[in-house]
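So the chains spell out like this:
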Amino acid sequence: MRINRRLVSLLYIISVTIAFTTRYADFSYKNNHVQLGIATIWITIAFAQMVLNKFCFKELHRNEYIWIIKIYLLPHIVIHFYTIVLMILGKVSWNYFSTNISVYIPTLFALSSLYLFKVDAFKYCFIAMGISWILSVSISLIIKGPLIFPHALIQAYINPYDNLGGLTINYLELHDLVLAIGYVLTFYLAIKRRYKKKDFIYFNIAFIIMILGIKRISILGIILAVMFYKMNQRFSYIKQYRICLLSGWIAFALCYGFIWILSNGSAFYEFASRMGVNLMGRNYYYSAIVGLTQFKPSFWGLGRNVVAKLLATDLSYLRVGGVHSDILKMFAENGFILFGIWLWYYLIYITKQYQKKFNYQAAVLYFTLNIYTFILYLTDNIEVYFICQVIQIVIPVTYIWNYNLNKKM
């Protein structure tokens, strides 16, 4: 039985490594079919295991696991259903209908990983991330040569348009993987309580990946999340929890404020220019999408995944796959009211649910990682990034199980 367990774990790590590796030198996947296919296999295996066990969760706390499924799947179902309702009412064209599998499958995969491997789910995912990075960078190094390293550092820290040695692609900036590594660093710098030798190895690997594949917004997210957690630790658990809720409402208002600023002319872009901030073309993407919205309660929204489809068709001249702001995307797709419900759900409701289901410490853990998530939401597309979706679910749950935070404090 132990051999079978080890074999399954090994197969999981190998397959997930393949799913996480999206670039091999100049070759990169044009879609996420490989990721979704591998994830679907493991979802099927997990479901089959549940059936064989007659839905007995053994050492897992049955109610906790069912709660985790509900809490993470519900928003995707509601938003998808809302879009279908808009289509029925004629507010959105049926031409934009989608299966929404880009969020369902990663979420179900994370939940399946937790079911199959329990507290080891995060460890196996992180090992796959590390091997994936080594595999991708090694192939780029062999094919493109050692200049990929100085070129990446110059692009990241000095000149984003550098083409040292004729290289135009930063082969170390593996977007989804590098941004997901930020969750790991936030976890180790702010939340992890006890360290073993392997934890220092994991941290060093994550740090190297982050430094070489630098994403400025990721660094900002880590710094703000860690500062929040450390400053919050000076208070009692209940006060920490209340600060999280207050901060959640502040973030709620700031997100609406961000949309309002974008909706009111060029003031935002002029301010960024005066501050010397290189928007990397985001002013064009933002303006194009904002032009399709209205900042008022009667704005129903464009519909789920419509922004991506527009960028691939009517707005293809922008040559981007995403608007590079999940805050703007979620407002544009969900409309004024559902956007607010979405913010409330992730910033306030889930934080409260973590406290009710587990304890104050678990709620603070979730909210701290959520700070990192929402910082990335400002200028990136991680809401549909496969690795980011998986890691942001797996880390808090495995930590709670590891340290028995399911016990009320």
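Residues numbered from 1 in each chain as written. Predicted model: local features only at pLDDT ≥ 70, side-chain atom pairs only at ≥ 80, totals over all residues. Heavy atoms only, no water.

## Quick notes on the overall build of the protein
Counting its secondary structure elements, the protein contains 16 helices and 2 strands. For 409 residues, the compact-globule formula gives about 22 Å, and the C-alpha radius of gyration of the protein, at 21 Å, lands near that figure. Classification of the 409 residues of the protein by burial places 55% in the buried group. Within the protein, residue pairs in contact and separated by at least 24 positions form 79% of the contacts whose partners lie at least 6 positions apart. With the model as given, the accessible surface of the protein reaches about 19,200 Å², and the carbon-plus-sulfur share is 66%. The centroid of the 37 positive side-chain charges in the protein is displaced by 12 Å from the centroid of its 14 negative side-chain charges. (Helix = DSSP H or I, 4+ residues; strand = E, 2+ residues; numbered from the N terminus. Rg over C-alpha atoms; globule rule 2.2 N^0.38 Å. Buried < 20%, exposed > 50% of the residue type's maximum accessible area, 1.4 Å probe, protein only. Contact = heavy atoms within 4.5 Å. Areas by Shrake-Rupley, 256 points an atom, 1.4 Å probe, with all protein chains shown as cover. Lys, Arg positive; Asp, Glu negative; His and termini not counted. Charge placed at Lys NZ, Arg CZ, Asp CG, Glu CD.)

## Re unusual backbone geometry
Phi at Ala 25 is positive, roughly 55°, even though this residue is not glycine. Within the element layout of this structure, Ala 25 appears in the loop between strand 1 (23-24) and strand 2 (27-28). Even without being a glycine, His 324 presents a positive backbone phi close to 65°. Within the element layout of this structure, His 324 appears in the loop between helix 13 (306-312) and helix 14 (326-357).

## So, the packing of aromatic side chains
Under the counting rule described, the total for this entry stands at 45 aromatic pairs. With a centroid separation of 6.5 Å and an interplanar angle of 85°, the aromatic rings of Phe 258 and Tyr 286 are classed as edge-to-face. A residue pair is termed long-range when its members are at least 10 positions apart, and Phe 258 in helix 10 (residues 237-262) and Tyr 286 in helix 12 (residues 282-290) qualify at 28 residues. A single burial state applies to Phe 258 and to Tyr 286, both of which are buried. We note Lys 118 situated over the ring of Tyr 115; from NZ or CZ to the ring centre the distance is 5.6 Å. (Phe/Tyr/Trp six-rings, centres within 6.5 Å; stacked < 30°, edge-to-face > 60°. Lys NZ or Arg CZ within 6 Å of the ring centre and 35° of its normal.)

## Side note on the confidence of the model for the protein
Chain-level pLDDT for the protein is 90 on average; 95% of the residues reach the 70-or-more range. Mean pLDDT across the elements of the protein bottoms out in helix 11 (residues 267-274) (73) and peaks in helix 14 (97). (pLDDT = per-residue confidence, 0-100.)

## Topic: the packing of helix 7 (residues 175-191) against helix 15 (residues 360-379)
At their nearest, the axes of helix 7 and helix 15 sit 10 Å apart, and the two run at 145° to each other. Where helix 7 crosses over helix 15, the handedness of that crossing is right-handed. Note on element contacts: helix 15 touches helix 7 through Leu 365, Thr 368, Leu 369, Tyr 372, Thr 373 and Leu 376, opposite Leu 179, Gly 182, Tyr 183, Thr 186, Phe 187 and Ile 191. Among the residues making up the contact of helix 7 with helix 15, the classes are represented as 8 nonpolar, 4 polar and no charged. (Axes fitted to C-alpha atoms, helices over the stretch in contact; angles between N-to-C directions. Left-handed = near helix turned anticlockwise from the far one by under 90°. Nonpolar A, V, L, I, M, F, W, Y, C, P; charged D, E, K, R; others polar.)

## Here we look at the pattern of salt bridges
Under the defined criterion, the tally for this structure stands at 7 salt bridges. In this structure, Asp 26 engages Lys 144 in a salt bridge whose closest nitrogen and oxygen atoms are separated by 3.1 Å. Separated by 118 residues along the polypeptide, Asp 26 in the loop between strand 1 and strand 2 and Lys 144 in helix 5 (residues 121-144) bring together distant segments of the chain. Classification of Asp 26 by relative accessible area gives partly exposed; the value is 46%. With relative accessibility at 30%, the residue Lys 144 sits in the partly exposed group. The closest approach of N and O atoms between Glu 173 and Lys 215, which form a salt bridge, is 3.2 Å. On the criterion of sequence distance, the pair formed by Glu 173 in the loop between helix 6 (148-157) and helix 7 and Lys 215 in the loop between helix 8 (197-212) and helix 9 (216-232) is long-range, its members being 42 residues apart. (Salt bridge = Lys/Arg side-chain N within 4 Å of Asp/Glu carboxyl O.)

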